[in-house]
Amino acid sequence: MSEAAEVIQRMGGIEVSESRAPFCHRKIGRLAARAGIKKPRVYVIPDDAPNACAVGLSREDTAVAVTTGLLSNLDENEIEAVLAHEIGHIQKGH
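Presented here is a report on the structure given in the accompanying data block.

Basis of the calculations
Residues numbered from 1 in each chain as written. Predicted model: local features only at pLDDT ≥ 70, side-chain atom pairs only at ≥ 80, totals over all residues. Heavy atoms only, no water. Salt bridge = Lys/Arg side-chain N within 4 Å of Asp/Glu carboxyl O. Helix = DSSP H or I, 4+ residues; strand = E, 2+ residues; numbered from the N terminus. Buried < 20%, exposed > 50% of the residue type's maximum accessible area, 1.4 Å probe, protein only. Arc of directions from axis to C-beta. Contact = heavy atoms within 4.5 Å. Pairing = 2+ DSSP bridges. Disulfide = S-S within 2.5 Å.

1. Considerations on the pattern of salt bridges
Once the charged atoms of two side chains with opposite charge are near each other, the side chains can pair.
Okay, so step 1: If you walk through the whole model with that rule in mind, you get five salt bridges.
Okay, so step 2: Measuring nitrogen to oxygen at the nearest pair gives 3.3 Å for the salt bridge that ties Glu-80 to Lys-27. Separated by 53 residues along the polypeptide, Glu-80 in helix α4 (residues 76–92) and Lys-27 in helix α2 (residues 22–35) bring together distant segments of the chain.
Okay, so step 3: By relative accessible area, which is 16% here, Lys-27 ends up buried.

2. Examining helix α1 (residues 3–10)
Okay, so step 1: For α1, the full list of buried residues reads Ala-4, Ala-5 and Ile-8. All buried residues of α1 project into a common sector of 100° when viewed along the axis, lining one side. More than 90 degrees from the buried face of α1, the exposed residues found are Glu-3 and Arg-10.
Okay, so step 2: Summarising the contacts, the buried residues of α1 are in contact with β2 (41–45), β3 (52–58) and β4 (61–67).
Okay, so step 3: Note on α1: the residue one or two positions beyond its end, Gly-12, has a positive phi of about 95°.

3. Describing the sheet that holds β2
Okay, so step 1: Judged by pairing direction, the sheet is mixed, and its four strands sit side by side in the order β1-β2-β4-β3 without closing on themselves. Each edge of the sheet is formed by a strand with only one pairing partner; in this case those strands are β1 (14–15) and β3.
Okay, so step 2: Sheet topology places β3 next to β4; six bridges connect them, and they run antiparallel. The residue bridging Ala-52 from the neighbouring strand is Val-66, located in β4.

4. Description of the state of the cysteines
Okay, so step 1: Throughout the structure, instances matching the rule amount to zero disulfides.
Okay, so step 2: Note on Cys-24: no disulfide assigned, nearest cysteine sulfur contributed by Cys-53 at a separation of 12 Å.
Okay, so step 3: With a relative accessible area of 19%, Cys-53 lands in the buried category.

Read these as spatial facts, not as claims about activity.
Next comes the structure, spelled out in structure tokens:
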């Protein structure tokens, strides 16, 4: 298991496939391509609080996680903005 995956799994994150979370995978993939980085792994954390995080321990070991609360309480444009913010953390390396 990668270190990024371990960090997010410790927060309760579950890695989701593209078929299980197509919206997140599509948005994260597009944003990562625009940022010039490898597409991070995608996780969902079962939590009602709207939140997201990015982990990038190296350029090859990255992950983005969103909570179920974020997915259910924000509209698509707001979610995309949050994901762009998280991708920015990975791109900048912090």
